[in-house]
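# Structure assessment
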Amino acid sequence: MTSQRVQAGVILTVAVLVSTPVITTASQLDGPPRSSDRPELDDPAEVEAWLDETMADQLEEHRIPGAAVVVVSDGEFVVSKGYGYADLDAREPVAADETIFGVGSTAKLLTWTAVMQGVEAGDLDLDRDVNDYLTDSPVTVPDTYPRPITLEHLGTHTAGYEDAFGGTLVDEPSDLRPLGEVLAENQPTRVRPPGEFVAYSNYGAGLAGHVVAEQYETAFTEYVEKRILDPLEMDNSTYEQPLPARLRPRLASEYTYQNGEYRAQPLQTWGMAPEGGAMRSTATDMGRFMLAYLGEGSHGSERILEPETVREMHRQHFDKAPDAPDVNGMAYGFIEMDRNDERIVGHWGDTASSRSMLALLPERDTGVFVVYNSPGGQTARFDFLQAFVDRYYPDSRAPVVEPPGAAERADRLTGDYRSLTVSETTWHRAFGVLTRTVSVGTTEDGYLTTRQFGGEPRTWIEQRPGIYDAVGGDEQLAFRFDEEGAPTHLFFGNFGPATYERVPWYESLSVYRAILLGGTLAFVSTLALWAGAAVRRRIRETSAPSARERVARALLGVVSLLWLSVAAIFLFATIEIDAEVASPSSLLRVGLALPYLALAGTLGASVFVALAWRDAYWNTPVRIHYTLATVAAVLFTWALYSLRILGL
């Protein structure tokens, strides 16, 4: 979990081996390579040359200082290589076997590995109530619904928790606390029955890791080190915070690109190790982890899982869109990431400014891992996977021809769809609504379009009713309908751990924007008129208004100032959400209290609206403005309540 910021600037020239243009997607090819001349992974020199081209293009296009890539196949490393810089000031190049990166949630795969080791040993059961394993823990999952939460639900992100950021970050390593305490104090609300929908949950992974720790009476990090990292000789991987002295000099700096230059960012300290953010590793260590899974649980002389367990983890456990079998769902812990009709499972992860992705093609005995030290990797990692599959396993399917009546059907799908991975009870909901809403529209030609925060619009062509293929890419979009044929949910084919629910028109982003912008303009104009009225009276020496008129105007002025302050505070908090999650600022605490004062003032102003018209306060234009500003305050109140900035 990290904040999502739109980066802007110019291109960095990076020291890499070659810089010729690179083919990155199937849509840029003059047709896929013929099977007779398709590049093969058994030629490391050819793979390395292709990687050199691809990474040169990616670092330049996405403004990324450094990256590392590992490709494994047939039980061996094909290529492991670093690109660009781990430290721009020191001009320290990235080395795949030396440079330490934060891998983010990709490390959740170690958590699910630990769970399945417990299942193999007979100490854990995927279908048992997790409370049965928490009898001596400060954590207790409430019985909100008749069906309990199980490890199966946690591993498929179907537990039904709201999204929550509490406890995920702290300011300093000295602020770290026992995992059980953090989970108990920051447990999100259960907002839907388990097993119904996929909604990615950091907390769920943290709880699963805690179950392992409780069952084996040890700390989660100690368990993983002894049972996974040590056997696989992942000697450059650790959950320790701060980083051990032996690894610290090799840690890659993380950068954002702002105002035409790269700026180094501070490292985060993660409060729930099983969610993955705390783990740092090298690309080659992650390559060993991939080889263990491709080797049916063993690498070298060590075995971490049995073959049948690996196969069980890689099969589909949850089909999020039953009417669209081609749409990816969830394996156990692994996210389905199929492309070009190839079976792919893996995971991706974020820290504040690094991005990583691990992808396995079990049927091809192949895996790739890529990591970047800048948010530009958000898009680059998925482009990389698509380019890799396009090159070595090209798509041979025929192009989609849009069926008759597609335009009419597309019109019925328009609207906003919001991810279920949002908070329902805290102010974090505002961040989720802004960044995790998909707006669906249509083109003049009848194609479907989608747009998300910080992303470019995408165009889709109907494959069959309710199922769409991306124009110029290997991605699907699927819809679920109710009994009357109205769309209720949206699913991205290549994005397994998410469900998007259609929201009513009054909760659309356009309505929120209109209310917040209109309210801001109304409040600013109220303050201007409030100040201007006093100046005019002095200049013109007019009689003073009645006491009620002064109170009415002053009240609306205070209300306007309060709502503007609340909006400014939470705009800042949303931009700096990582810092506010780690340690809520005094300003945020003030911001959480101010809405109640503003609400009281808004109710009072509503009363004065009626009095103003009954008793003819001011002239008609002023009364109309007062009324409209009060209506704006009422709508502002509703919007901030809907975003849970105002809790009632």
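Residues numbered from 1 in each chain as written. Predicted model: local features only at pLDDT ≥ 70, side-chain atom pairs only at ≥ 80, totals over all residues. Heavy atoms only, no water.

Counting its regular elements, the chain contains 16 helices and 23 strands. The globule rule puts the C-alpha radius of gyration for 648 residues at 26 Å, and the 27 Å found for the chain is close to it. Residues classed as buried in the chain amount to 54% of the 648 residues present. For the chain, the distance from the average position of its 53 positive side-chain charges to the average position of its 89 negative side-chain charges is 11 Å. (Helix = DSSP H or I, 4+ residues; strand = E, 2+ residues; numbered from the N terminus. Rg over C-alpha atoms; globule rule 2.2 N^0.38 Å. Buried < 20%, exposed > 50% of the residue type's maximum accessible area, 1.4 Å probe, protein only. Lys, Arg positive; Asp, Glu negative; His and termini not counted. Charge placed at Lys NZ, Arg CZ, Asp CG, Glu CD.)

Taken as a whole, this structure holds 22 salt bridges when the rule is applied. With a shortest N-O distance of 2.6 Å, arginine 343 and glutamate 336 are connected by a salt bridge. Relative accessible area serves as the criterion here: at 18%, arginine 343 is assigned to the buried category. Arginine 418 serves as the salt-bridge partner of glutamate 507, at 3.1 Å between the closest nitrogen and oxygen. With a gap of 89 residues between them, glutamate 507 in the loop between strand E23 (500-502) and helix H12 (509-540) and arginine 418 in strand E16 (residues 415-419) connect regions that are remote in the sequence. Considered together, glutamate 507 and arginine 418 belong to a single accessibility category, that of buried residues. (Salt bridge = Lys/Arg side-chain N within 4 Å of Asp/Glu carboxyl O.)

Counting all residues, the mean pLDDT for the chain is 90, and 91% of those residues have values of 70 or more. Below a pLDDT of 50 lies the segment residues 1-36, which in the model reaches 88 contacts outside its immediate sequence neighbourhood of four places, other chains included. (pLDDT = per-residue confidence, 0-100. Contact = heavy atoms within 4.5 Å.)

Here the focus is the packing of helix H2 (residues 108-120) against helix H5 (residues 202-216). For any two helices packed against each other, one specifies the crossing angle of their axes together with the interaxial distance. Contact geometry of H2 with H5 gives a least axis separation of 10 Å together with a crossing angle of 40 degrees. In terms of their interaxial angle, H2 and H5 are classed as oblique. For the pair H2 and H5, the sense of crossing is left-handed. Facing H2, whose interface residues are Lys108, Thr111, Trp112, Ala114, Val115, Gln117 and Gly118, H5 presents Asn202, Gly204, Ala205, Ala208, Gly209, Val212 and Tyr216. Class assignment of the residues belonging to the contact of H2 with H5 gives a composition of seven nonpolar, six polar and one charged. (Axes fitted to C-alpha atoms, helices over the stretch in contact; angles between N-to-C directions. Parallel < 35°, antiparallel > 145°, perpendicular 65-115°, else oblique. Left-handed = near helix turned anticlockwise from the far one by under 90°. Nonpolar A, V, L, I, M, F, W, Y, C, P; charged D, E, K, R; others polar.)

The next point concerns the pairing of strand E22 (residues 487-492). A large share of E22 lies buried, amounting to six of its six residues. Note that strand E21 (residues 476-481) and E22 share five bridges and pair antiparallel. Bridge assignment links phenylalanine 481 to a residue of E22, and that residue is proline 487. The turn linking E21 back onto E22 is made up of five residues, and glycine 485 within it adopts a positive phi angle of 85 degrees. Summarising the sheet, E22 and E23 pair through two bridges and their orientation is antiparallel. Within E23, the residue paired with histidine 489 across the bridge is glutamate 501. (Pairing = 2+ DSSP bridges.)

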